[in-house]
Every structure is written in C-alpha cells, then in structure tokens.
Amino acid sequence: MLALGGKIATAAGPGLKIYLHGALGAGKTTFVRGYLRALGVTGIVKSPTYTLVEPYAVTGERMVYHFDLYRLEAPEALEDFGFRDYLDANSDCLIEWPEQAAGYLLAADLDVIIEMAASGRQVSLQGNTDAANKLLKKLDI
C-alpha cells in the first residue's frame, strides 16, 4: 500500500480527489502515508479519525488533505465543517470512508477499493475523470 500510494502521488498532478474504500485495517491510511512520503512529507502520518482532516503542506502552494469520515455523525455535518473550502486546483483530497458522506461529496477522480485477500490485499483502481484515466494510463495500471 505504501508503494502504490507513492507511485500514484509521483505520477499525479495536484487537485485530485481520491476516495479510499475498504474495511478497518485494509490499508487506507498506509496508502495515504505512501502518497505523502512520495511528496516529501517526513512527519507522522496518522488517520484523522477524531479531527476529520489533517492538512499537509507539500510543495509551494500544493496541499494534501487527508480526511477520515469514519466517525462522521451525519453527512450534512460536512457543510458545517466547511468541507468545500478544502477543494481547489492546488489541493489533493484523500478521503477514507467516503460512503459516510454519500450525497454530500463531489464525485471522486479516483476510487481506490481495497479488499482483504488470502495472500494480502486485492486493490482495484477506478478512474472517474479524464485526469484519473490519464494517470492510470501513465502508470500502466
């Protein structure tokens, strides 16, 4: 998961919305850690389960926002939280548990679906926009 997150971060430009799907312990936060490490973040990367979002300044004006919506009480709470303020062309949003905010999130550029398998993990990547499909083609995934 570290390697996959890093590979995607290295090939992607800013502004992607990546939704991470999978059971507890599937590797969503590990994916985010790999993504951030590839962009030069060296500090602790933990899931923002209680704070909902953790911001990371990456380079220049590029930001990465790591969201964990597992404990989101109601999807409408995103509006009170100011979620849309995080979305801009220079910011990547990596969102764990996006299904918790169904109907309130914009469509993902890239869905990362992680399933546990006998030999580790099975990961499916689904590009939903031209930017994500170009990224997947570039990665030859």
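Residues numbered from 1 in each chain as written. Predicted model: local features only at pLDDT ≥ 70, side-chain atom pairs only at ≥ 80, totals over all residues. Heavy atoms only, no water.

### Overview of the sheet that holds strand S1 (residues 17-21)
Just so we agree on the cut-off: Paired strands are those between which DSSP finds at least two bridges. For the purposes of this entry, the term helix denotes a DSSP run of H or I that reaches at least four residues, the term strand denotes a run of E that reaches at least two, and both are numbered from the N terminus. Comment: axis = line fitted to C-alpha atoms, over the contacting stretch for helices; angle = value between 0 and 180 degrees taken between N-to-C directions. We call two residues in contact whenever any of their non-hydrogen atoms come within 4.5 Å of each other.
Across the sheet, six strands lie side by side as S2-S3-S4-S1-S5-S6; this open sheet has mixed pairing. Sheet topology places strand S2 (53-59) and strand S6 (120-127) at the edges, where each strand pairs with a single neighbour. Shown here is a sheet whose adjacent strand axes are inclined to one another by a mean of 15°, direction ignored. Pairing between strand S3 (residues 62-68) and strand S4 (residues 91-96): six bridges, direction parallel. Of the residues in S4, the one forming a bridge with methionine 63 is serine 91. Strands in contact with helix H1 (residues 2-11) are S1, S3, strand S5 (110-117) and S6; relative to S6, the strand with the most contacts, it is inclined by about 20°. Where helix H4 (residues 130-139) meets the sheet, its contacts fall on S5 and S6, and the angle it forms with S6 comes to roughly 130°.

### Considering H4
Test applied: Each residue is placed in one exposure class: buried if its accessible area under a 1.4 Å probe, protein chains only, is under 20% of its type's maximum, exposed if it is over 50%, and partly exposed if it falls in between. In this description, the arc belongs to the directions extending from the helix axis to the C-beta atoms.
When we look at burial in H4, the residues that qualify are Ala132, Leu135, Leu136 and Leu139. Down the axis of H4, the smallest arc covering the buried residues is 95°, so these residues share one side. Facing away from the buried side of H4 by more than 90 degrees, the exposed set consists of Asp130, Lys134, Lys137 and Lys138. The secondary structure elements touched by the buried residues of H4 are H1, S5 and S6. Of the residues trailing H4, aspartate 140 is marked for its positive phi of about 60°.

### A word on the nonpolar core
Our working definition: Only buried Ala, Val, Leu, Ile, Met, Phe, Trp, Tyr and Cys residues count toward a nonpolar core, and they belong to the same one when joined by side-chain atoms within 4.5 Å.
Formed by 27 residues in total, the largest nonpolar core has its most connected members in Ile8, Ile18, Phe31 and Tyr35. At the level of secondary structure, the elements contributing two or more residues to this core comprise H1, S1, helix H2 (28-38), S2, S5 and H4.

Shape descriptors only; they carry no functional weight alone.
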